[in-house]
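# Reading the structure
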Amino acid sequence: MKAIRPALLLAALLLALPASAADGSRPSYADDRAEIENLQARYMFALDFKDADTYAATFAEDGSLDFGLGEIKGRQAIHDLIAKMRADWEAKLAADTSGVRPFAGRHSISNVVLKIDGDRATGRAYWFHMSNESPDRAKSQLNAFGHYEDELVRVHGQWLFKKRKICNELVPAWVGPTKNPAW
Amino acid sequence: MKAIRPALLLAALLLALPASAADGSRPSYADDRAEIENLQARYMFALDFKDADTYAATFAEDGSLDFGLGEIKGRQAIHDLIAKMRADWEAKLAADTSGVRPFAGRHSISNVVLKIDGDRATGRAYWFHMSNESPDRAKSQLNAFGHYEDELVRVHGQWLFKKRKICNELVPAWVGPTKNPAW
Amino acid sequence: MKAIRPALLLAALLLALPASAADGSRPSYADDRAEIENLQARYMFALDFKDADTYAATFAEDGSLDFGLGEIKGRQAIHDLIAKMRADWEAKLAADTSGVRPFAGRHSISNVVLKIDGDRATGRAYWFHMSNESPDRAKSQLNAFGHYEDELVRVHGQWLFKKRKICNELVPAWVGPTKNPAW
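Here we summarise the structure given alongside this text. (Residues numbered from 1 in each chain as written. Chains lettered and ligands numbered in written order. Predicted model: local features only at pLDDT ≥ 70, side-chain atom pairs only at ≥ 80, totals over all residues. Heavy atoms only, no water.)

## Considering the pairing of strand E6 (residues 158-168) of chain A
All names here are of chain A. Two strands pair when backbone bridges link them, and strand E1 (residues 59-66) and E6 are joined in this way by four bridges, in the parallel orientation. Bridge pairing links phenylalanine 59 to phenylalanine 161 in E6. Where strand E5 (residues 141-155) hands over to E6, the hairpin turn is made up of two residues, of which histidine 156 adopts a positive phi near 50°. (Pairing = 2+ DSSP bridges. Helix = DSSP H or I, 4+ residues; strand = E, 2+ residues; numbered from the N terminus.)

## A few points about unusual backbone geometry
Here asparagine 111 of chain B, not a glycine, exhibits a phi torsion of approximately 50°, which is positive. With respect to the secondary-structure elements, asparagine 111 of chain B resides in strand E3 (residues 105-117).

## Concerning helix H2 (residues 29-48) of chain C
In an α-helix, one full turn covers 3.6 residues, which means residues spaced three or four apart are oriented alike. All names here are of chain C. Under the 1.5 Å per step criterion, the end-to-end length of H2 is 29 Å for 20 residues, consistent within 8% with the ideal 28 Å. A large share of H2 lies buried, amounting to 19 of its 20 residues. Backbone geometry just downstream of H2 places lysine 50 in the positive-phi region, at approximately 50°. (Expected span 1.5 Å × (residues − 1). Buried < 20%, exposed > 50% of the residue type's maximum accessible area, 1.4 Å probe, protein only.)

## Quick look at the packing of aromatic side chains
Summed over all chains, the structure comprises 31 aromatic pairs over all chains. When the centroid spacing of 5.6 Å and the interplanar angle of 45° are considered together, the rings of tyrosine 55 of chain C and phenylalanine 59 of chain C count as tilted. Put simply, the rings of Tyr43, Tyr55, Phe59, Trp127, Tyr148 and Phe161 of chain C touch in pairs and so form one group of aromatic residues. Directly above the aromatic system of tyrosine 126 of chain C lies the positively charged group of arginine 106 of chain B, at a separation of 5.7 Å from the ring centroid. (Phe/Tyr/Trp six-rings, centres within 6.5 Å; stacked < 30°, edge-to-face > 60°. Lys NZ or Arg CZ within 6 Å of the ring centre and 35° of its normal.)

## Observations regarding the pattern of salt bridges
Enumeration over the complete set of coordinates arrives at 36 salt bridges over all chains. Between arginine 164 of chain A and aspartate 150 of chain A there is a salt bridge whose closest N-O contact spans 2.8 Å. Taken together, the residues span a long stretch of sequence, with arginine 164 of chain A in strand E6 and aspartate 150 of chain A in strand E5 at a distance of 14 residues. For glutamate 71 of chain C, the salt bridge identified is with lysine 163 of chain C, shortest N-O distance 3.9 Å. (Salt bridge = Lys/Arg side-chain N within 4 Å of Asp/Glu carboxyl O.)

## Points about the nonpolar core
In globular proteins that are soluble, nonpolar side chains generally tend to be buried together. Counting 107 residues, the largest nonpolar core has Tyr43 of chain A, Tyr43 of chain B together with Tyr43 of chain C as its most contacted members. With sequence-adjacent residues up to four places away left out, tyrosine 43 of chain A is seen in contact with Tyr55, Thr58, Phe59, Leu65, Tyr148, Phe161, Arg164 and Ile166 of chain A. (Core = buried A, V, L, I, M, F, W, Y, C linked by side-chain atoms within 4.5 Å. Contact = heavy atoms within 4.5 Å.)

## Digging into the packing of helix H2 (residues 29-48) of chain B against H2 of chain C
Their axes nearest at 8 Å, the elements H2 of chain B and H2 of chain C cross at an angle of 65°. Of the two possible hands of crossing, H2 of chain B and H2 of chain C adopt the one that is left-handed. Between H2 of chain B and H2 of chain C, the residues in contact are Ala30, Asp31, Ala34, Glu35, Glu37 and Asn38 of chain B and Tyr29, Ala30, Arg33 and Glu37 of chain C, respectively. Counted by class, the contact of H2 of chain B with H2 of chain C contains four nonpolar, one polar and five charged residues. (Axes fitted to C-alpha atoms, helices over the stretch in contact; angles between N-to-C directions. Left-handed = near helix turned anticlockwise from the far one by under 90°. Nonpolar A, V, L, I, M, F, W, Y, C, P; charged D, E, K, R; others polar.)

## Focus on the sheet that holds strand E5 (residues 141-155) of chain C
Spatial ordering of the open sheet is given by E2-E1-E6-E5-E4-E3 (chain C), a layout of six strands whose pairing is mixed. The sheet is open, and its two edges are formed by strand E2 (71-73) and strand E3 (105-117) of chain C, each paired on a single side. Neighbouring strand axes in the sheet, compared pairwise and without regard to direction, differ in orientation by 20° on average. Strand direction decides the pairing type here: strand E4 (residues 120-131) of chain C and E5 of chain C, joined by twelve bridges, are antiparallel. Bridge assignment links histidine 129 of chain C to a residue of E5 of chain C, and that residue is alanine 144 of chain C. Taken strand by strand, H2 of chain B contacts E3, E4 and E5 of chain C, and its axis lies near 110° from that of E3 of chain C. Against the sheet, helix H4 (residues 75-95) of chain C engages strand E1 (59-66), E2 and strand E6 (158-168) of chain C, with an angle of about 55° to E1 of chain C.

## As for the sheet that holds strand E6 (residues 158-168) of chain B
All names here are of chain B. Spatial strand order, E2-E1-E6-E5-E4-E3: six strands in an open sheet with mixed pairing. Looking at the sheet topology across the chains shown, the edges are occupied by strand E2 (71-73) and E3. Neighbour to neighbour, the strand axes of the sheet diverge by 20° on average, direction disregarded. Sheet analysis places E3 next to strand E4 (residues 120-131), joined by eleven bridges and oriented antiparallel.

## Some words on the pairing of E6 of chain C
Where E5 of chain C meets E6 of chain C, ten bridges bridge the pair, whose relative direction is antiparallel. From the neighbouring strand, glycine 146 of chain C faces E6 of chain C, where its bridge partner is asparagine 168 of chain C.

## Notes on the environment of leucine 65 of chain C
All names here are of chain C. With respect to the helices and strands, leucine 65 occurs in strand E1. The class of leucine 65 is buried, set by a relative accessible area of 2%. Each C-alpha atom, one on leucine 65 and one on valine 153, is 14 Å from the other, the two residues being 88 residues apart in sequence. Look past the residues within four positions of leucine 65 in its chain and what remains in contact with it is Tyr43, Tyr55, Phe59, Gly70, Glu71, Ile72, Ile78, Leu81, Arg164 and Ile166.

Here it is in structure tokens:
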């Protein structure tokens with residue numbers, strides 16, 4: 001009976017370990033992928049709804065956004081980019097006298113390829129954009145598409161974009177490679 | 001030799017525990033997200049193929065579906081909605097003398113944002129719909145898009161929709177907010 | 001003190017076990033789904049970028065690809081199919097004197113439904129294809145859509161396609177069922 005006590009203690013310690021380390025202690029590929037997929041999705045909502053705070057919060061403090069026309073560096077500059085998009089959009093709405101509701105634009109992500117190495121990850125994914133910019137807002141169009149080349153980093157247990165490069169097949173300056181950028 | 005036996009027993013018990021609780025005992029964010037993503041995907045197949053049984057089975061017994069024109073409450077009423085869609089479709093097909101095969105419509109989900117709190121979850125996601133309703137069925141169009149605002153609940157270890165609200169940017173009565181509905 | 005030693009040994013063994021078996025020893029549904037989603041995404045990049053090596057590597061050695069016009073059997077034959085696509089595309093490019101850059105075509109996967117049973121899995125998912133084959137490469141179109149019916153197998157810890165059947169709603173010979181192919 002005496003012998004069982006240390007074993008019980010060990011058992012208790014083992015039981016106290018997270019089953020699959022959602023808290024970051026020993027995350028699996030599935031744990032990391034789930035967190036990164038959520039980040040990728042939050043990024044899209046933040047972008048389309050021009051939510052500068054949430055958008056910027058998906059990047060590391062020294063993160064960068066490279067979208068073909070140049071590279072924006074640092075969370076603050078990234079925040080300001082989206083805040084300007086929001087302000088411009090609101091100004092346009094305020095000046096609009098058509099009586100038609102604003103059209104919506106939506107980016108989706110698909111085909112998320114992720115390689116994870118400890119607190120670093122490399123991602124590739126497709127994106128595409130649709131909108132209902134028809135006069136009656138009742139028709140939808142596919143507007144553009146391309147892919148992302150991402151570097152991610154885990155900071156204080158949270159996955160963030162270290163660098164997001166956007167390729168857009170519709171714009172000459174943003175066109176991506178013709179060789180597989182994934183693996 | 002005697003001392004090892006209780007320890008072995010404990011070890012056997014520990015080994016019998018699921019590595020990451022796919023059975024619901026201690027699910028991680030990844031476990032929950034995987035189950036919910038599968039639910040979201042099954043919902044889409046059930047909707048497009050007008051499979052009332054499977055569609056209704058993705059909702060909790062007291063679940064509700066709010067699609068802009070009103071809220072359908074309870075699994076039975078939700079079942080009946082899809083069963084009617086199927087019956088109407090079959091009647092239309094039976095009456096069709098064109099000789100052209102039925103066109104297909106397909107909803108996809110993307111950008112799944114999920115916050116999980118024990119047996120409750122809150123979700124946001126995009127959806128979009130395409131079809132080949134051209135006379136020769138050889139052209140495809142993007143028809144509509146919007147987003148979901150979901151409340152989910154785990155019942156007997158299975159994630160289900162507690163409430164799904166559908167926003168559709170093409171239809172005035174269904175249009176969503178212009179502020180980020182996610183986080 | 002003597003009694004604790006076997007218990008410590010067992011504890012060490014237990015601690016050495018992966019938290020959620022990303023290495024394949026006791027994978028959860030989330031583990032398997034994460035690996036298969038990555039496979040599905042890598043398949044798409046390999047297809048669109050005509051990367052025969054990576055494409056073929058997503059299939060089991062005796063895997064098959066059934067795409068409506070017939071079934072291609074074995075990794076080598078699947079490799080050769082994509083290698084020919086690449087060669088044909090390069091020949092077409094070489095012969096092109098328009099001065100316009102090549103258009104891009106992109107397949108996306110969505111609505112991934114997965115049932116996993118040990119080292120076997122059954123999958124259903126939607127796919128759709130878009131391109132910018134307009135003369136100026138500045139407009140995008142949705143070209144086609146359908147669904148996949150997949151059988152997957154884990155070989156040496158890696159998920160691979162055992163059989164992928166492609167249904168395409170735009171082409172009479174590839175059209176899928178009108179009853180829910182998922183569950």
